[in-house]
Amino acid sequence: MPHHHSHPEEQPTPPMPDFSRESWESRYKSRESVWSGKPNAVLVEEVETIEPAHALDVGCGEGADAVWLATNGWQVTAVDLSATAIERATAHAHRAGVDGHIVFTDAELGEVIANDGPWNLVSSQYTHPGEGGRWLVSTLAEAVAPGGMLLVVGHHPTDPHAAEHPDLKDAAFAAEDVADVLSRDAWEVSATLRERTSYEADGRERLWRDSVLIARRHG
(Lines give C-alpha, C1' and ligand atoms only; values in the text may rest on other atoms or scores of the structure.)
Protein backbone atom coordinates (compact mmCIF):
# COMPACT_ATOMS: atom_id res chain seq x y z
CA MET A 1 0.00 0.00 0.00
CA PRO A 2 1.23 3.56 -0.62
CA HIS A 3 2.34 5.35 2.47
CA HIS A 4 0.91 8.31 4.21
CA HIS A 5 1.25 11.82 2.90
CA SER A 6 3.69 14.52 3.92
CA HIS A 7 1.64 17.63 4.51
CA PRO A 8 3.29 20.91 3.57
CA GLU A 9 2.79 22.19 7.12
CA GLU A 10 4.42 19.12 8.66
CA GLN A 11 6.74 19.76 11.60
CA PRO A 12 10.43 18.79 11.25
CA THR A 13 11.00 15.14 12.06
CA PRO A 14 13.99 12.82 11.81
CA PRO A 15 14.16 10.54 8.75
CA MET A 16 12.04 7.43 8.95
CA PRO A 17 13.87 4.10 8.63
CA ASP A 18 11.23 2.93 6.16
CA PHE A 19 7.62 3.54 5.20
CA SER A 20 6.15 0.42 6.75
CA ARG A 21 2.93 0.28 8.76
CA GLU A 22 5.05 -0.06 11.91
CA SER A 23 7.14 3.01 11.10
CA TRP A 24 4.08 5.17 10.53
CA GLU A 25 2.46 3.94 13.72
CA SER A 26 5.62 4.75 15.64
CA ARG A 27 5.76 8.20 14.10
CA TYR A 28 2.18 9.05 15.07
CA LYS A 29 2.63 7.76 18.60
CA SER A 30 5.74 9.93 19.02
CA ARG A 31 3.73 13.18 19.07
CA GLU A 32 0.21 14.44 19.67
CA SER A 33 -0.21 15.60 16.08
CA VAL A 34 1.92 15.27 12.95
CA TRP A 35 0.05 17.38 10.37
CA SER A 36 -1.39 20.88 10.28
CA GLY A 37 -5.08 19.97 10.39
CA LYS A 38 -5.67 21.92 7.17
CA PRO A 39 -6.72 20.33 3.87
CA ASN A 40 -4.17 20.17 1.07
CA ALA A 41 -4.34 23.23 -1.17
CA VAL A 42 -4.39 21.42 -4.52
CA LEU A 43 -7.28 19.24 -3.37
CA VAL A 44 -9.32 22.30 -2.39
CA GLU A 45 -8.46 24.13 -5.61
CA GLU A 46 -9.33 21.25 -7.93
CA VAL A 47 -12.33 19.77 -6.14
CA GLU A 48 -14.31 22.67 -4.67
CA THR A 49 -16.23 23.20 -7.95
CA ILE A 50 -17.03 19.50 -8.49
CA GLU A 51 -20.47 18.13 -7.69
CA PRO A 52 -20.01 16.10 -4.46
CA ALA A 53 -20.44 12.34 -4.68
CA HIS A 54 -18.24 9.50 -3.37
CA ALA A 55 -14.53 10.00 -2.66
CA LEU A 56 -11.57 7.84 -1.66
CA ASP A 57 -8.88 9.59 0.40
CA VAL A 58 -5.65 7.55 0.26
CA GLY A 59 -3.20 8.14 3.10
CA CYS A 60 -5.72 10.18 5.05
CA GLY A 61 -3.47 10.76 8.06
CA GLU A 62 -5.22 12.72 10.77
CA GLY A 63 -8.20 13.39 8.54
CA ALA A 64 -7.95 16.98 7.31
CA ASP A 65 -8.72 16.21 3.66
CA ALA A 66 -11.47 13.72 4.49
CA VAL A 67 -13.16 16.17 6.85
CA TRP A 68 -12.95 18.95 4.27
CA LEU A 69 -14.52 16.70 1.64
CA ALA A 70 -17.30 15.58 3.97
CA THR A 71 -17.99 19.16 5.05
CA ASN A 72 -18.44 20.00 1.38
CA GLY A 73 -20.97 17.23 0.80
CA TRP A 74 -18.88 14.20 -0.14
CA GLN A 75 -19.32 10.68 1.17
CA VAL A 76 -15.76 9.62 1.95
CA THR A 77 -13.81 6.40 2.38
CA ALA A 78 -10.52 7.30 4.09
CA VAL A 79 -7.65 4.83 4.42
CA ASP A 80 -4.31 5.00 6.22
CA LEU A 81 -1.70 2.52 7.45
CA SER A 82 -1.63 3.84 11.01
CA ALA A 83 -4.34 2.90 13.51
CA THR A 84 -3.34 5.92 15.63
CA ALA A 85 -3.82 8.22 12.65
CA ILE A 86 -7.24 6.70 12.03
CA GLU A 87 -8.21 7.30 15.66
CA ARG A 88 -7.23 10.96 15.40
CA ALA A 89 -8.97 11.35 12.06
CA THR A 90 -12.15 9.84 13.49
CA ALA A 91 -12.02 12.28 16.41
CA HIS A 92 -11.47 15.19 13.99
CA ALA A 93 -14.50 14.13 11.97
CA HIS A 94 -16.60 13.86 15.12
CA ARG A 95 -15.61 17.35 16.25
CA ALA A 96 -16.51 18.67 12.80
CA GLY A 97 -19.87 16.91 12.88
CA VAL A 98 -19.24 14.91 9.71
CA ASP A 99 -18.35 11.50 11.13
CA GLY A 100 -21.51 10.06 9.62
CA HIS A 101 -20.18 10.93 6.16
CA ILE A 102 -16.76 9.25 6.44
CA VAL A 103 -15.70 5.62 6.77
CA PHE A 104 -12.16 5.39 8.16
CA THR A 105 -10.11 2.22 7.78
CA ASP A 106 -6.53 0.97 8.19
CA ALA A 107 -7.15 -1.99 5.89
CA GLU A 108 -4.83 -2.64 2.97
CA LEU A 109 -5.54 -0.38 0.00
CA GLY A 110 -6.09 -3.27 -2.40
CA GLU A 111 -8.77 -4.73 -0.15
CA VAL A 112 -10.53 -1.39 0.17
CA ILE A 113 -10.58 -0.86 -3.59
CA ALA A 114 -11.78 -4.39 -4.30
CA ASN A 115 -14.55 -4.27 -1.71
CA ASP A 116 -15.82 -0.70 -1.70
CA GLY A 117 -15.14 0.97 -5.07
CA PRO A 118 -15.44 2.63 -7.40
CA TRP A 119 -15.42 6.32 -6.43
CA ASN A 120 -16.13 9.56 -8.30
CA LEU A 121 -13.00 11.10 -6.81
CA VAL A 122 -9.81 9.31 -5.80
CA SER A 123 -7.30 11.57 -4.04
CA SER A 124 -3.72 10.78 -3.03
CA GLN A 125 -1.88 13.72 -1.44
CA TYR A 126 1.85 13.35 -0.76
CA THR A 127 1.84 9.61 -0.32
CA HIS A 128 5.12 7.74 -0.45
CA PRO A 129 4.40 5.28 -3.26
CA GLY A 130 7.78 3.87 -4.22
CA GLU A 131 8.48 2.74 -7.79
CA GLY A 132 8.38 6.35 -8.91
CA GLY A 133 4.63 6.61 -8.37
CA ARG A 134 3.68 4.39 -11.29
CA TRP A 135 2.31 1.59 -9.12
CA LEU A 136 0.24 4.10 -7.17
CA VAL A 137 -1.32 5.65 -10.26
CA SER A 138 -2.14 2.32 -11.93
CA THR A 139 -3.64 0.97 -8.70
CA LEU A 140 -5.75 4.03 -7.98
CA ALA A 141 -6.93 4.29 -11.58
CA GLU A 142 -8.85 1.06 -11.09
CA ALA A 143 -10.81 2.70 -8.28
CA VAL A 144 -12.14 5.61 -10.37
CA ALA A 145 -15.72 5.41 -11.62
CA PRO A 146 -16.59 6.35 -15.22
CA GLY A 147 -16.65 10.14 -15.42
CA GLY A 148 -14.66 10.35 -12.18
CA MET A 149 -11.38 12.07 -11.34
CA LEU A 150 -8.02 10.82 -10.10
CA LEU A 151 -5.94 13.43 -8.28
CA VAL A 152 -2.37 12.50 -7.31
CA VAL A 153 -0.10 15.13 -5.77
CA GLY A 154 3.45 14.49 -4.62
CA HIS A 155 6.88 15.96 -4.13
CA HIS A 156 8.69 16.71 -7.39
CA PRO A 157 12.30 15.44 -7.49
CA THR A 158 13.46 19.08 -7.52
CA ASP A 159 11.38 20.02 -4.47
CA PRO A 160 13.75 21.44 -1.83
CA HIS A 161 11.83 19.61 0.89
CA ALA A 162 12.49 16.26 -0.78
CA ALA A 163 16.13 17.17 -1.28
CA GLU A 164 16.48 17.90 2.44
CA HIS A 165 14.98 14.57 3.49
CA PRO A 166 16.79 11.45 2.21
CA ASP A 167 13.76 9.32 3.04
CA LEU A 168 11.64 11.35 0.61
CA LYS A 169 13.95 11.20 -2.39
CA ASP A 170 12.70 7.80 -3.53
CA ALA A 171 9.11 8.90 -3.00
CA ALA A 172 9.40 11.98 -5.22
CA PHE A 173 8.23 11.75 -8.83
CA ALA A 174 7.53 13.90 -11.87
CA ALA A 175 3.87 13.85 -12.88
CA GLU A 176 4.71 13.35 -16.56
CA ASP A 177 6.73 10.24 -15.68
CA VAL A 178 3.69 8.51 -14.20
CA ALA A 179 1.03 9.87 -16.56
CA ASP A 180 1.76 7.35 -19.31
CA VAL A 181 0.40 4.60 -17.07
CA LEU A 182 -3.02 5.87 -18.14
CA SER A 183 -4.42 5.17 -21.59
CA ARG A 184 -5.38 8.34 -23.45
CA ASP A 185 -8.24 6.36 -24.97
CA ALA A 186 -9.82 6.10 -21.52
CA TRP A 187 -8.52 9.20 -19.73
CA GLU A 188 -8.11 12.94 -20.13
CA VAL A 189 -4.77 13.61 -18.41
CA SER A 190 -3.01 16.70 -17.09
CA ALA A 191 0.51 16.35 -15.63
CA THR A 192 2.10 19.54 -14.30
CA LEU A 193 4.72 20.94 -11.96
CA ARG A 194 3.35 23.58 -9.60
CA GLU A 195 5.32 25.89 -7.36
CA ARG A 196 4.01 27.48 -4.18
CA THR A 197 5.42 29.15 -1.10
CA SER A 198 4.76 28.91 2.61
CA TYR A 199 6.23 30.59 5.65
CA GLU A 200 8.18 29.02 8.48
CA ALA A 201 7.50 29.83 12.11
CA ASP A 202 10.41 32.27 12.02
CA GLY A 203 8.93 34.07 9.03
CA ARG A 204 11.24 32.63 6.37
CA GLU A 205 9.69 31.93 2.98
CA ARG A 206 9.84 28.35 1.76
CA LEU A 207 9.50 27.13 -1.83
CA TRP A 208 7.69 23.91 -2.68
CA ARG A 209 7.60 22.14 -6.04
CA ASP A 210 4.70 19.73 -6.45
CA SER A 211 3.93 17.13 -9.10
CA VAL A 212 0.22 17.26 -9.89
CA LEU A 213 -1.52 14.54 -11.92
CA ILE A 214 -5.19 15.14 -12.73
CA ALA A 215 -6.90 12.44 -14.77
CA ARG A 216 -10.58 12.23 -15.69
CA ARG A 217 -11.91 8.87 -16.80
CA HIS A 218 -14.14 9.04 -19.85
CA GLY A 219 -17.75 8.28 -19.02
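Above this text you will find the structure in question.
Within each chain, residue numbers correspond to sequence positions counted from 1 in written order. Where totals are concerned, whole chains, interfaces and linings use all residues; where local detail is concerned, this predicted model gives features only for residues with pLDDT of at least 70, and gives and counts side-chain atom pairs only at 80 or more. The basis for every side-chain value is the complete set of heavy atoms in the structure, and neither hydrogens nor water enter the calculation.

Focus on the side chain of glutamine 125
- Here a helix means four or more residues in a row that DSSP labels H or I, a strand means two or more in a row labelled E, and each is numbered from the N terminus. Turning to its location among the elements, glutamine 125 is positioned in strand β4 (residues 119-125).
- Residue burial is assigned from relative accessible area. The probe radius is 1.4 Å, only protein chains are included, and a residue is buried under 20% of its type maximum, exposed over 50%, and partly exposed in between. Glutamine 125 gets classed as buried once you look at its relative accessible area, which sits at 1%.
- In the analysis that follows, any N or O atom pair within 3.5 Å is treated as a polar contact, provided that within protein one partner can donate a hydrogen and the other can accept it, and provided that, for residues neighboring in sequence, both atoms belong to side chains. Reaching out from glutamine 125, the side chain makes a polar contact with the side chain of serine 123 at a distance of 3.2 Å.

Quick word on unusual backbone geometry
- Cis geometry is found at the peptide bond from glycine 117 to proline 118, where omega equals 0 degrees.
- Turning to its location among the elements, proline 118 is positioned in the loop between α5 (109-116) and β4.
- Unlike most non-glycine residues, tyrosine 126 shows phi in positive territory, near 60 degrees.
- For tyrosine 126, the location among the structural elements is in the loop between β4 and α6 (134-141).

Section: the pairing of strand β3 (residues 102-105)
- For two strands to be treated as a pair, DSSP must find no fewer than two bridges joining them. Here strand β2 (residues 75-79) pairs with β3 via four bridges, running parallel. Residue pairing for β3: alanine 78 is matched across the bridge by phenylalanine 104.
- Orienting the strands away from the viewer, one traces the path from the first strand over the helix to the second; a clockwise path indicates a right-handed crossover. In this region the chain leaves β2, passes through helix α4 (residues 83-96) and returns to the parallel neighbour β3; the handedness of that crossover is right-handed.

Some words on the pattern of salt bridges
- When a carboxyl oxygen of Asp or Glu lies within 4 Å of a side-chain nitrogen of Lys or Arg, that pair is called a salt bridge. By the definition in use, this model includes seven salt bridges.
- Residue arginine 88 pairs with glutamate 62 through a salt bridge whose shortest N-O separation is 3.0 Å. Linking arginine 88 in helix α4 with glutamate 62 in the loop between β1 (54-58) and α3 (64-71), this pair joins segments that are 26 residues apart in sequence.
- Linked through salt bridges whose partners overlap, the residues forming this network are Glu45, Glu46 and Arg194.

Examining the sheet that holds strand β7 (residues 205-217)
- Strand order in the open sheet formed by seven strands is β3-β2-β1-β4-β5-β7-β6, and the pairing between neighbours is mixed. Two strands in the sheet have a free side with no partner beyond their single neighbour: β3 and β6 (187-199). Looking at each pair of strands side by side, their axes are set apart by 15 degrees on average, direction ignored. Between N-to-C directions, angles span 0 to 180 degrees; the directions come from axes that are lines fitted to C-alpha atoms, helices contributing only their stretch in contact.

Remarks on the pairing of strand β5 (residues 144-155)
- Most of β5 sits inside the fold, with 10 of its 12 residues counted as buried.
- Two strands pair when backbone bridges link them, and β4 and β5 are joined in this way by six bridges, in the parallel orientation. Residue pairing for β5: tryptophan 119 is matched across the bridge by valine 144.
- Taken together, the seven bridges between β5 and β7 define a ladder with antiparallel strand orientation. The residue bridging valine 152 from the neighbouring strand is leucine 213, located in β7.

Describing the environment of histidine 128
- Of note, histidine 128 is situated in the loop between β4 and α6.
- Its relative accessible area of 3% is what places histidine 128 among the buried residues.
- On a C-alpha basis, the gap between histidine 128 and aspartate 170 in space is 8.2 Å, while along the polypeptide they are 42 residues apart.

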